[in-house]
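Geometric and topological summary
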Amino acid sequence: MSVNTIEENRSRNLFGDQDEVWLFGYGSLIYLVDFPYLESKPASIDGWSRRFWQGSHDHRGTVENPGRVVTLIEEPGAVCGGMAFRVEASVFAQLDEREKNGYLRVATEMTFADGSTATGVTYLASADNEAYLGEASEYEIAQHICRCTGPSGSNWDYLLELAIALRELGEQDDHIFAIETHIREIQGQTKPTSP
Ligand code: SIN
């Protein structure tokens with residue numbers, strides 16, 4: 001699969017006949033909202049875990065020194081909390097550009113806090129994309145993140161802003177918070193600070 005997924009996403013035309021689509025964000029889409037939306041609310045998806053297993057060549061690292069960013073890994077019984085945005089279908093052109101480094105639009109069912117559900121779209125980077133890095137221990141991931149920076153900023157900021165956003169949402173994500181703790185140890189920090 002090409003590392004640039006723009007054409008693949010465009011040709012999939014997922015929900016292209018609808019004027020508005022629910023987008024589920026679980027990574028930077030939660031805290032870096034640089035796209036127009038009609039409504040947003042916390043949501044979760046069942047059977048998936050958030051993992052720092054995707055490489056980033058274009059945002060938090062480079063081709064030579066890829067950063068680590070999150071993707072979704074199938075895990076029966078898991079629940080991944082994030083933020084849902086109701087967007088006009090035209091917004092996907094901008095989102096495809098932002099998520100082009102291995103992420104494909106896939107259909108997903110999401111559940112809102114009141115128990116209601118909607119079918120929408122999430123960006124998933126599967127193990128067969130060229131930028132995929134795969135599993136590593138949380139300590140190794142923390143060490144890796146500390147070494148990387150890219151055009152969108154440091155890999156550390158990506159992790160830290162995500163951890164802060166998840167805390168604000170009341171999400172307990174052991175993987176993310178364990179990496180955050182390791183990074184603070186590595187950086188010699190003990191108190192939480194803003195990125
Ligand atoms: C997402 O946030 O939903 C996808 C991954 C990312 O852009 O960080």
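Residues numbered from 1 in each chain as written. Predicted model: local features only at pLDDT ≥ 70, side-chain atom pairs only at ≥ 80, totals over all residues. Heavy atoms only, no water.

Quick look at the overall build of the protein chain
The criterion, for reference: Secondary structure elements follow DSSP: runs of H or I no shorter than four residues count as helices, runs of E no shorter than two count as strands, and numbering proceeds from the N terminus. Radius of gyration: over C-alpha atoms. The globule rule applied is 2.2 Å multiplied by the number of residues raised to the 0.38 power. Each residue's exposure class comes from its accessible area (1.4 Å probe, protein chains only) as a fraction of the maximum for that residue type: buried when under 20%, exposed when over 50%, partly exposed otherwise.
Counting secondary structure elements, the protein chain contains six helices and seven strands. N-terminal to C-terminal, the α/β element order of the protein chain is α-β-α-β-β-α-β-β-α-β-β-α-α. Relative to the globule expectation of 16 Å for 195 residues, the C-alpha radius of gyration of the protein chain, 16 Å, shows essentially globular dimensions. The dimensions of the protein chain, computed from C-alpha atoms along their principal axes, are 50 × 40 × 30 Å. The buried share among the 195 residues of the protein chain stands at 48%.

Structural notes on the packing of aromatic side chains
Filter applied, for reference: Pairs were defined over the aromatic rings of Phe, Tyr and Trp, the Trp ring being its six-membered one, requiring ring centres within 6.5 Å. Orientation was assigned from the angle between planes: stacked under 30 degrees, edge-to-face over 60, tilted for the rest. Whether a charge sits over a ring depends on NZ of Lys or CZ of Arg being within 6 Å of the ring centre and within 35 degrees of the ring normal.
In the structure shown here, the tally under the stated rule is eight aromatic pairs. Ring centres of F35 and F85 lie 5.1 Å apart, and the angle between their planes is 80°; on these two criteria the pair is classed as edge-to-face. On the criterion of sequence distance, the pair formed by F35 in the loop between α2 (28–31) and β2 (39–56) and F85 in strand β3 (residues 67–88) is long-range, its members being 50 residues apart. Through pairs of rings, three or more aromatic residues link up here, namely Y31, F52 and Y158. Residue placement shows R167 over the ring face of F177; its charged tip is 4.7 Å from the ring centre.

Section: the pattern of salt bridges
Definition in use: Here, a salt bridge means any Lys or Arg side-chain nitrogen found within 4 Å of an Asp or Glu carboxyl oxygen.
Inspection of the entire model under this criterion finds 13 salt bridges. Where R12 meets E8, a salt bridge forms, and the shortest distance between an N and an O atom there is 3.1 Å. Placement of the pair is R12 and E8 together in helix α1 (residues 6–12), with a separation of four residues, close to one helical turn. Residue R12 is classed as partly exposed on the basis of its relative accessible area of 34%. In this structure, R184 and E180 form a salt bridge, with 3.0 Å as the shortest nitrogen-oxygen distance. Of the two residues, R184 and E180 both sit in helix α6 (residues 174–186), four residues apart, roughly one turn of that helix. Look at R184 and you get buried, because its relative accessible area is 9%. For E180, a relative accessible area of 4% corresponds to the buried category. Through salt bridges with shared partners, a single ionic network connects E20, E39 and R86.

Focus: the packing of helix α4 (residues 138–146) against α6
Which entries qualify depends on this criterion: For helices, the fitted axis covers only the stretch in contact; all axes are lines through C-alpha atoms, and the angles between them, taken along N-to-C directions, range from 0 to 180 degrees. In these notes the angle categories are as follows: under 35 degrees is roughly parallel, over 145 is roughly antiparallel, 65 to 115 is roughly perpendicular, and the rest is oblique. Rotating anticlockwise by less than a right angle from the far helix to the near helix defines a left-handed crossing, while the corresponding clockwise rotation defines a right-handed one. In this analysis, two residues are considered to be in contact whenever any of their non-hydrogen atoms come within 4.5 Å of each other. Basically, the charged four are Asp, Glu, Lys and Arg, the nonpolar ten are Ala, Val, Leu, Ile, Met, Phe, Trp, Tyr, Cys and Pro, and anything else, Gly included, counts as polar.
At a minimum axis distance of 8 Å, the contact between α4 and α6 shows a crossing angle of 55°. By the angle class used here, α4 and α6 are oblique. Here α4 runs over α6; the crossing is right-handed. In this structure, α4 contributes E138, Y139, I141, A142, Q143, I145 and C146 to the contact, and α6 contributes H175, A178, I179, H182, I183 and I186. Tallied by class, the residues present in the contact of α4 with α6 amount to nine nonpolar, three polar and one charged.

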